[in-house]
Amino acid sequence: TATTEIYTQAFVGSVRCVQETGINAEYMGIYLRQKEMTKGTTSQGERRKKNATFCRRCGKISYHKQRKRCSSCGYPEAHLRRYNWAKKAVRRRTTGTGRMRYLKDIPRKLKNGFKEFSQAKRVKQRGKGKSKPEVKESKQRFIKIPFDI
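As the structure is a computational prediction, the values presented were derived from the model and not from experiment.

Rules and cut-offs
- Residues numbered from 1 in each chain as written.
- Predicted model: local features only at pLDDT ≥ 70, side-chain atom pairs only at ≥ 80, totals over all residues.
- Heavy atoms only, no water.
- Helix = DSSP H or I, 4+ residues; strand = E, 2+ residues; numbered from the N terminus.
- Buried < 20%, exposed > 50% of the residue type's maximum accessible area, 1.4 Å probe, protein only.
- Contact = heavy atoms within 4.5 Å.
- Patch = residues over 30% accessible without salt bridge, like charges linked within 9 Å, V, L, I, M, F, W, Y side chains within 5 Å.
- Areas by Shrake-Rupley, 256 points an atom, 1.4 Å probe, with all protein chains shown as cover.
- Salt bridge = Lys/Arg side-chain N within 4 Å of Asp/Glu carboxyl O.
- Lys, Arg positive; Asp, Glu negative; His and termini not counted.
- Charge placed at Lys NZ, Arg CZ, Asp CG, Glu CD.

## Structural notes on the environment of Pro 76
Position of Pro 76 among the secondary structure elements: in the loop between β3 (69-70) and α4 (87-92). Among the residues examined, Pro 76 registers a relative accessible area of 54% and is labelled exposed. Setting aside anything within four residues of it in sequence, one finds Pro 76 in contact with Lys 68 and Arg 69.

## Description of a positive patch on the surface
On the surface, Lys 60, Lys 88, Arg 91, Arg 92 and Arg 93 cluster together to form a positively charged patch. Along the chain, the position of Arg 93 falls in the loop between α4 and α5 (106-111). Exposure remark for Arg 93: the relative accessible area of 33% places this residue in the partly exposed category.

## Some thoughts on the pattern of salt bridges
One pass over the structure, following the stated rule, counts 2 salt bridges. Residue Glu 77 pairs with Arg 69 through a salt bridge whose shortest N-O separation is 3.3 Å. When the shortest N-O distance is used, the salt bridge between Asp 105 and Arg 108 registers 3.2 Å. The exposure class of Arg 108 is partly exposed, given its relative accessible area of 47%.

Take a look at the structure:
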């Protein structure tokens with residue numbers, strides 16, 4: 001075929017150059033090889049170029065160096081990349097999956113009426129009568145158990 005002839009000519013030319021310099025062609029790694037035009041296993045060995053690097057915002061290796069855009073989060077755009085056709089991806093990064101440094105305190109503040117700069121009032125515990133016998137305080141570390149004899 002035409003491609004085989006082109007490769008053969010290139011190979012013969014490179015062997016001549018190597019023979020003139022006196023270097024062994026096998027040592028240099030020059031071999032006759034026909035380029036196979038497939039999409040499967042053989043073409044996967046040709047993939048050594050890296051187009052994507054770490055994203056500053058999401059940390060994934062999906063920031064495209066030439067396009068200057070992250071394929072996962074959409075950085076440097078202001079809003080996170082999010083599509084409703086990818087429901088699992090939305091679930092992975094929705095509210096509640098991170099630290100929630102602000103939102104985790106909101107239910108407690110809502111219960112207290114969003115009061116700020118005030119001291120909390122002491123709540124008196126209700127007494128249900130004297131169900132337990134009183135124990136006198138002592139300086140000893142262990143607790144004295146009262147015995148009714």
